[in-house]
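The residues making up each chain are set out below.
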Amino acid sequence: MAAVASASVVAAGLIAGGLVGCADMSGIQSQSSLREASSLGLPTASATPTAQPVAADWWRDFGDEQLNGLVTQALQNSPSLKLAQTRLARAQAVTEVADAAKMPQLSGGIDLTRQKYTANGAVPAPLAGSIRESGTVQLSGSWELDFFGKYSAALESALGSVRAAQADTEAARVLLASNVARSYFQIARLNDQLGVARRTLAQRQETLGLVKDRVNAGLDTQLELRQSEGGLPEARLQIETLQEQLTLARNAMGALVGQPNVALALTPPALSAMKTVARSENIPADLLGRRADIAAARWRVEAASKDVVNAKTQFYPNINLVAFAGFSSIGLSRLLDAGSQQWGVGPALRLPIFDAGRLRANLRGKTADLDGAVESYNAAVLDAVRDVADQVASSQAITRQQTEQRAAQTSAEGAYDIAVQRYRAGLGNYLNVLTAETSVLNQRRLAVDLAARALDTQVALMRALGGGYTPEATTARQDAPEKVAGSAGTARATSLFSLNSGMASQ
């Protein structure tokens, strides 16, 4: 019987080879290709020295324990991160389903029936017109021989989706940590601006006292007094506005960490107490490997390519080995007798000959999905290069702006001191004091904003460089998936590029 079964399989294979030409997949090809590093203007790895990669806990470099605690709480409690983890679990379950399809399937069944047989049909006596009980106890097995790699391609596609989901989870982690840090620095900025506003109010109260003394002495008029009094409501309005913004920023932080009470109770940090994180101008170009969103896009290309392979295998025949064994009888008392035994084994062949274009339409759809995944990957790579270039350019520009701002603030404060001294001595009018004060306040606010922007840009640069993500975070199989549209995906991830001010300004 084994020889008969083997011969049947061979015969089925020969028949399939003769009839497979009836299903035509010609003329359906992918039109997109992955971008090469050279097309992005990135030099090779040998062109620039290796830069220090971003640490997985990069936020600790700012030297603030309160920030460290907030990020830790966010990573533990955030619903958005847990949602990404559930997507990963779902993708892993799909992989298990695809893997199970490659293995033999075995099922068991018991059927017990009480039946009246027709007296006017094909059933002979003594069954005709009688009521009898019948039963079947049977094991059934099948195994679809994956000659053309259909299930292997489906498994590789599922594995690609798992790797993409793993990378998406890491991307959600990086984004969450960066949002917490940026929100934290926003709270610090508003708190420092609030300090400037309160200092302004105190300064204007002192100036009002000076003006009153001069009015009482007959040196000034009611005009100067009214001008000085008008500055107090304006300063109080600024304080109230900043307090509202600070409360909203705390609420946003509470939503990020998943614990609103903790965010409301945190002590606003001072921007001056934050450490700056210095980065080399030689920025790693292995963004394709160190950015989780790029890695996810690359794995989606791999998954889509395997879907195309799977769609092509649908044009080929399915060959199954089917077997069953068990007992069947009319009358339950004889169900397990030796004479009630039954079994069967043999091959089954299914071959597509005419399907009105269904298989070709499916292949075109999967090919379009592949092109879409490739173009999404290309767009993600271009956006990554732009993102890093923007952050480097902003960081360099902010450094230059801070240098000029400090010089401007020193000059403004000196001019304000001179204006006040001249007003005290009666050598200048109060309008000069107001003008000089306006310049000082603007510079103080600008100093706070630039300090906050510098920290915010450093966080954005850490995120743009991958936020500590490494490809090793995803589980890799020993047999790497087949590369589609060239092998540029991983090879390009080992080079470096230099983003100096010239490139950033392009």
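The sections below set out a description of the structure shown in this document. Keep in mind it's a predicted model, so treat the numbers as computed, not measured.

1. A look at the pairing of strand 4 (residues 318-330)
Part 1 of the reasoning: The pairing of strand 2 (residues 131-145) with strand 4 spans 12 bridges and is classified as antiparallel. By the bridge assignment, Leu145 is partnered in strand 4 with Ile319.
Part 2 of the reasoning: Pairing geometry for strand 4 and strand 5 (residues 341-350), over 10 bridges, is antiparallel. Note that in strand 5 the partner of Phe327 across the bridge is Gln341.

2. Here's the deal with the side chain of Asp64
Part 1 of the reasoning: Its place among the elements puts Asp64 in the loop between helix 1 (2-19) and helix 2 (65-77).
Part 2 of the reasoning: Of the side chains with opposite charge, Arg60 lies nearest to the buried Asp64, which makes no salt bridge, at 9.9 Å.
Part 3 of the reasoning: At a separation of 2.9 Å, a polar atom in the side chain of Asp64 contacts the main-chain amide nitrogen of Leu67.
Part 4 of the reasoning: At a separation of 2.8 Å, a polar atom in the side chain of Asp64 contacts the side chain of Tyr184.

3. Some thoughts on the side chain of Asn320
Part 1 of the reasoning: Examined against the element boundaries, Asn320 turns out to sit in strand 4.
Part 2 of the reasoning: Here Asn320 falls in the buried class, since its relative accessible area comes to 17%.
Part 3 of the reasoning: Ignoring any residue separated from it by four or fewer positions in sequence, one finds Asn320 in contact with Trp143, Glu144, Gly346, Pro347 and Ala348.

4. Let's talk about the packing of aromatic side chains
Part 1 of the reasoning: For the structure on display, the rule yields three aromatic pairs.
Part 2 of the reasoning: Ring geometry for Phe62 versus Phe185: centroids 5.1 Å apart, planes at 70°, classification edge-to-face. Here Phe62 is found in the loop between helix 1 and helix 2, whereas its partner Phe185 is found in helix 4 (residues 150-216), with 123 residues between them in sequence.
Part 3 of the reasoning: The buried category is assigned to Phe185, whose relative accessible area is 1%.
Part 4 of the reasoning: Each residue in the set Phe62, Tyr184 and Phe185 is aromatic and connected to the rest through ring pairs, giving one cluster.
Part 5 of the reasoning: Sitting over the ring of Tyr377, Arg298 keeps its end group 5.9 Å from the ring centre.

Reading the values: rules and limits
Residues numbered from 1 in each chain as written. Predicted model: local features only at pLDDT ≥ 70, side-chain atom pairs only at ≥ 80, totals over all residues. Heavy atoms only, no water. Pairing = 2+ DSSP bridges. Helix = DSSP H or I, 4+ residues; strand = E, 2+ residues; numbered from the N terminus. Buried < 20%, exposed > 50% of the residue type's maximum accessible area, 1.4 Å probe, protein only. Lys, Arg positive; Asp, Glu negative; His and termini not counted. Salt bridge = Lys/Arg side-chain N within 4 Å of Asp/Glu carboxyl O. Polar contact = N/O pair within 3.5 Å; in protein donor to acceptor, adjacent residues only side chain to side chain. Contact = heavy atoms within 4.5 Å. Phe/Tyr/Trp six-rings, centres within 6.5 Å; stacked < 30°, edge-to-face > 60°. Lys NZ or Arg CZ within 6 Å of the ring centre and 35° of its normal.

Fair warning: the whole summary comes from geometry, so function is off the table for now.
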